[in-house]
Amino acid sequence: MVQSSVLGFPRMGGNRELKKANEAYWADKLSREDLLKEAKRLRLEHWKIQKDAGVDVIPSNDFAFYDHILDHIQMFNAIPERYSKASLDPLDEYFAMGRGHQKDGVDVPSLEMVKWFDSNYHYVKPTLQDGQTFKLASDPKPVVEFLEAKEAGVITRPVLIGPVSFLALGKADRDQSVDPISLLDKLVPVYAELLEKLKAAGAETVQIDEPVLVLDLAPKIKDAFKPAYEKLVGDKFPKLLLATYFGDIVHNFDVLPGLQSLYGVHIDLVRNPEQLESVLGQLGPNQVLSAGVVDGRNIWKTNFKRAVETVETAIQKLSKDRVIVATSSSLLHTPHSLDSEKKLPEEVKDWFSFAVQKTAEVVAIAKAVTDGPASVREALEANAKSIQARASSERTNNKAVKDRQSKVTEAMHERQSPFPERYAQQKTHLSLPLFPTTTIGSFPQTKEIRVQRNKFTKGEITAEQYESFINKEIDDNVKIQDELGLDVYVHGEPERNDMVQYFGERLDGYVFTTNGWVQSYGSRCVRPPIIVGDVSRPAPMTVKESKYAASVSKKPMKGMLTGPITCLRWSYPRDDVHQSVQAQQLALALRDEVVDLEAAGVYVIQVDEPALREGLPLRSGRERENYLAWAVNSFKLACAGVKDSTQIHSHFCYSEFQDFFHAIAALDADVLSIENSKSDAKLLKVFEDTAYPRHIGPGVYDIHSPRVPSEQEIKDRIAEMLKFLKPEQLWINPDCGLKTRQWKETKAALANLVNAAKFYREKH
Ligand code: GLN
Ligand code: ZN
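Residues numbered from 1 in each chain as written. Chains lettered and ligands numbered in written order. Predicted model: local features only at pLDDT ≥ 70, side-chain atom pairs only at ≥ 80, totals over all residues.

Engineer: Break down the overall build of the protein for me, citing the residues and quoting the values.
Structural biologist: On a plain count of helices and strands, the protein comes out with 27 helices and 24 strands. Over its C-alpha trace the protein gives a radius of gyration of 27 Å, about what one expects of a compact globule, namely 27 Å for 764 residues. For the protein, the C-alpha atoms occupy an extent of roughly 80 × 60 × 50 Å along the three principal directions. By the burial criterion, 49% of the 764 residues in the protein qualify as buried. Put simply, 79% of the contacts in the protein that link residues at least 6 apart link residues at least 24 apart. (Helix = DSSP H or I, 4+ residues; strand = E, 2+ residues; numbered from the N terminus. Rg over C-alpha atoms; globule rule 2.2 N^0.38 Å. Buried ≥ 20, exposed ≤ 12 C-beta atoms within 10 Å, placed from the backbone. Contact = placed C-beta atoms within 7 Å.)

Quick look at the structure:
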């Protein structure tokens, strides 16, 4: 029989109960005991959902209060001394590493948190010491949770991050020089001890995640697999299923022969279906294949017909008892359940599958291949009908959009003239001084703004009332900028809730959930909009506010848009057309907006692309270059419809461009603002080395903290920048938007910024 399995289930609960409980605990409004109780309730509920759906292989230890990598850090006692010496209760020590701790005389910042592969989930980085040792916690969490499930009548397959990935995803602590992978010999015995305990508790099989196998690996990392896993195979250990996801493992096939004594391998066949044939050829004679055919990263209903065909291919080669039907990755990246969505159009809702629905999908697919299609005929027929309805829906196929795309030309991506000619016109048109000052877009989102927006959403005030409130906010923002003496103004974005949702709500082809939350980090959840069909712009999206702002401003007003790649990356994309097609549709919609802004008297337009880098494919090479080519093209297509005298800005929340600077340069933006204040100014050297010809505004102060930078600090920062950039290239601005700040510190910081710019203006 072909088993069904889930690699991991979302932790938050259908109503984000874990978020609420964690936050209440942090605020001293919930006792530790009650938090633990709530967590247990959620785990039991999630196991029950999967059991009731008929899933054969149900995960445990996929739960985490904050992050599963952080769980391992604590379980292996890889806890930097600054946390352990505070002698906190283990749960508080854990949260201290995840989010910092400032209480009762203890003051420690959090460990570094970074994106989990190319997802929007963030993990806590193992942070290791020279002379690092490891020691297994006395009641290891995976054992405790396995027994908890067992007691509830559910035999689970515990999930662990594998030793090679744990180290490869880690780093040396500040001031330390240890190479994480060199610690493998010390770490493997701890895994052996843990696995023995799991076996003793009754675990037959363990899912051991080694997602680094989808990356380009240094030889020393590849070489680490065989010696590590040799020591973890034997009768005293559970059988190990090695799980990979978010990419293919073909380029690391030389690692697999060393792993043939493991029970089996899991691969992601949603992202890389083409790897199936070759992986089948690499398996050992008794190894099992876990076929990830139900997408753990997106919200679309699985195409049963296609999934069944894929699984059948594997069965033909291996036989039924050596194939498992699985989710492609953990379901951590999908919302909890579709059942709570009451406002989605019925037509569209039928195309979706969230975590709860996906558990039923693996079961149905496994049954179809075990007992034959007749055994699940109804499910297969309903699925085929839904897939067909989506493919032929008018929402997914907007002829006007397709026609327009077919007429896109190379020339539409290019500005009329090269930069020097454009700049000559912009300089006079906008009367820009040397070292122009500006901000990145948003101003403080005050409580009053949120109150009024809420009232408007609830229908408690009319559209006219809301509009006049927004206009008054804009008036105030303009006045403040007059007083500060900035050079290029912004309207402040008071009308925007979120930089992607705001645009999604004004575009055709998008839908929004009411409860489709997914964990981003810790207790923070996001609710990405969903691109369901061809995207187009039925009407201008930002022109009203920007036009008004320009009309009340005596200095140039900068229009503010979210770029095509950021709109795409911070949404759930379609899985039925390539992302480059979706990016182009978004670009065309934005192009119209850019042209309309110009016509409305807005002659500086910023198109934000903070997500450009996170869309980079995980491996270097052709796939990455392809991505950069279409990503850059979508940006250029969005921007190039304007006259030479209109100035295009773009913004990025980072300045680490080393890996793809050619793409940043290819954007051809007149001005780039980047986050830089906390980085080494040396990162700007690449602009000098490549003789970058256009203008750059590296952030001169950090906007994440309320701290006000002094005028002298800003001057010092500018002096450093001038080592790498020419005076006529340099703009003076903060790191990013100011929406999370208060007005008090914002005004003080910007006043110092303007003075620092004036100082250099006089000097040059
Ligand atoms: N224009 C946006 C703002 O100022 C940019 C935000 C971002 O880069 N993440 O808020
Ligand atoms: Zn930013």
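Engineer: Please give an account of the site of ligand 1 that cites residues and values.
Structural biologist: Not every one of the 13 residues close to ligand 1 is listed here, only the nearest: I440, G441, S442, P610 and G737. Of the residues belonging to the shell around ligand 1, the class tally is six nonpolar, four polar and three charged. (Near = placed C-beta within 6 Å. Nonpolar A, V, L, I, M, F, W, Y, C, P; charged D, E, K, R; others polar.)

Engineer: Summarise the sheet that holds strand β22 (residues 647-652); cite the residues concerned and give the values.
Structural biologist: If you trace the six strands from one edge of the open sheet to the other, you get β15-β20-β21-β22-β23-β24, paired in parallel fashion. With partners counted over all chains shown, the strands left at the sheet margins are β15 (489-490) and β24 (695-698), one partner each. Relative to strand β20 (residues 557-562), β15 runs parallel, the two being bridged by two bridges. For V490, the partnering residue across the bridge sits in β20 and is K558. (Pairing = 2+ DSSP bridges.)

Engineer: Account for the nonpolar core, naming residues and giving values.
Structural biologist: In this structure, A291, V311, V325 and I365 are the most contacted members of the largest nonpolar core, which totals 202 residues. No other element matches the nine residues that helix α13 (residues 355-371) contributes to this core. Beyond its immediate stretch of four places on either side in the chain, V325 contacts V2, S4, A291, V293, V311, V362, I365 and A366. Core analysis: the next-biggest nonpolar cluster, separate from the first, contains five residues, I440, F443, C736 and L738 among them. (Core = buried A, V, L, I, M, F, W, Y, C linked by C-beta atoms within 7 Å.)

Engineer: Requested: an account of the UniProt feature "binding site: Zn(2+) 2" (unreviewed entry) in the protein, with residues and values cited.
Structural biologist: UniProt's feature table lists "binding site: Zn(2+) 2" (unreviewed entry) at H662, given in the numbering used throughout. Taking the number of C-beta atoms within 10 Å as the measure of exposure, H662 has 12 and is therefore exposed. (UniProt positions renumbered as here; feature names shortened; annotations may be inferred.)

Engineer: How would you sum up the sheet that holds strand β2 (residues 58-60)? Please name residues and give values.
Structural biologist: Taken together, the eight strands give an open sheet; going across it, the order is β1-β14-β13-β12-β11-β10-β8-β2, and neighbouring strands pair in parallel fashion. Of all the strands in the sheet, just β1 (3-5) and β2 have a single pairing partner and so form its edges. On average, each strand axis in the sheet is tilted by 30° relative to the strand beside it, whichever way the strands run. In terms of strand pairing, β1 meets strand β14 (residues 323-327) through three bridges, oriented parallel. Residue pairing across strands places Q3 opposite I324, the latter belonging to β14. Most of the contacts of helix α11 (residues 304-318) go to strand β13 (residues 288-294), to which it runs at about 170°, and overall it touches β13 and β14. (Axes fitted to C-alpha atoms, helices over the stretch in contact; angles between N-to-C directions.)

Engineer: So what's going on with the pairing of strand β10 (residues 205-209)? Which residues, and what values?
Structural biologist: With respect to burial, β10 is a largely interior element, four of its five residues being buried. As judged from the five bridges shared by β10 and strand β11 (residues 239-243), these two strands associate in the parallel manner. Along β11, the bridge assignment pairs V206 with L240.

Engineer: Account for the environment of P418, with residues named and values stated.
Structural biologist: By the secondary structure assignment, P418 is in the loop between α15 (399-406) and α16 (419-430). Once the C-alpha coordinates of P418 and H491 are considered, the two residues, 73 residues apart in sequence, prove to be 29 Å apart.

Engineer: Before we move on, can you summarise the packing of helix α26 (residues 711-721) against helix α27 (residues 743-763) with the specific residues and values?
Structural biologist: The N-to-C vectors of α26 and α27 enclose an angle of 50°; their axes lie 8 Å apart at closest approach. Classified by the angle their axes make, α26 and α27 are oblique. α27 is crossed by α26, and the crossing has right-handed handedness. Between α26 and α27, the residues in contact are E711, I714, K715 and I718 and N752, L753, N755, A756, F759 and Y760, respectively. (Parallel < 35°, antiparallel > 145°, perpendicular 65-115°, else oblique. Left-handed = near helix turned anticlockwise from the far one by under 90°.)

Engineer: Tell me about helix α6 (residues 141-151), and name the residues and values.
Structural biologist: Within α6 the residues assigned to the buried category are K141, P142, V143, E145, F146 and A149. The secondary structure elements touched by the buried residues of α6 are α2 (32-53), β2, α3 (68-75), β8 (156-161) and α8 (184-201). G153 lies just past α6 and shows a positive phi near 85°.

Engineer: Describe in detail the UniProt feature "binding site: Zn(2+) 1" (unreviewed entry) in the protein, supporting the description with residues and values.
Structural biologist: The positions UniProt marks with the feature "binding site: Zn(2+) 1" (unreviewed entry) are H651, C653, E675 and C736. In sequence the annotated residues extend across 86 residues, while in space they remain close, none of their C-alpha pairs exceeding 8.4 Å. Along the chain, E675 turns up in the loop between β23 (671-674) and α25 (685-689). Among residues more than four places away in sequence, those in contact with E675 are F652, C653, Y654, S655, G699, D735 and C736. Within the secondary structure, C736 sits in the loop between α26 and α27. In contact with C736, other than residues within four places in its own chain, are I440, C653, E675, G699 and I703.

Engineer: Describe unusual backbone geometry, with residues and values.
Structural biologist: Phi is positive for R16, which is not a glycine, with a value near 50°. Take R16: there are 19 C-beta atoms within 10 Å of it, and that puts it in the partly exposed class. The backbone phi angle of D175 is positive, close to 65°, even though this residue is not glycine. Residue placement: D175 occurs in the loop between β9 (171-172) and α8. On the basis of neighbour counts, which here come to 7 C-beta atoms within 10 Å, the residue D175 falls in the exposed class.

Engineer: Which residues make up the environment of Q742, and what values go with them?
Structural biologist: For Q742, the position within the fold is in the loop between α26 and α27. Linking Q742 and I531, residues 211 residues apart in sequence, is a C-alpha distance of 34 Å. Ignoring sequence-local partners within four residues, the contact set of Q742 consists of P444 and P706.

Engineer: Explain the environment of D644 residue by residue, including any values.
Structural biologist: Relative to the assigned elements, D644 resides in the loop between α23 (622-639) and β22. For D644, a count of 18 C-beta atoms within 10 Å gives the class partly exposed. Placed 222 residues apart in sequence, D644 and R422 show a C-alpha to C-alpha distance of 4.6 Å.

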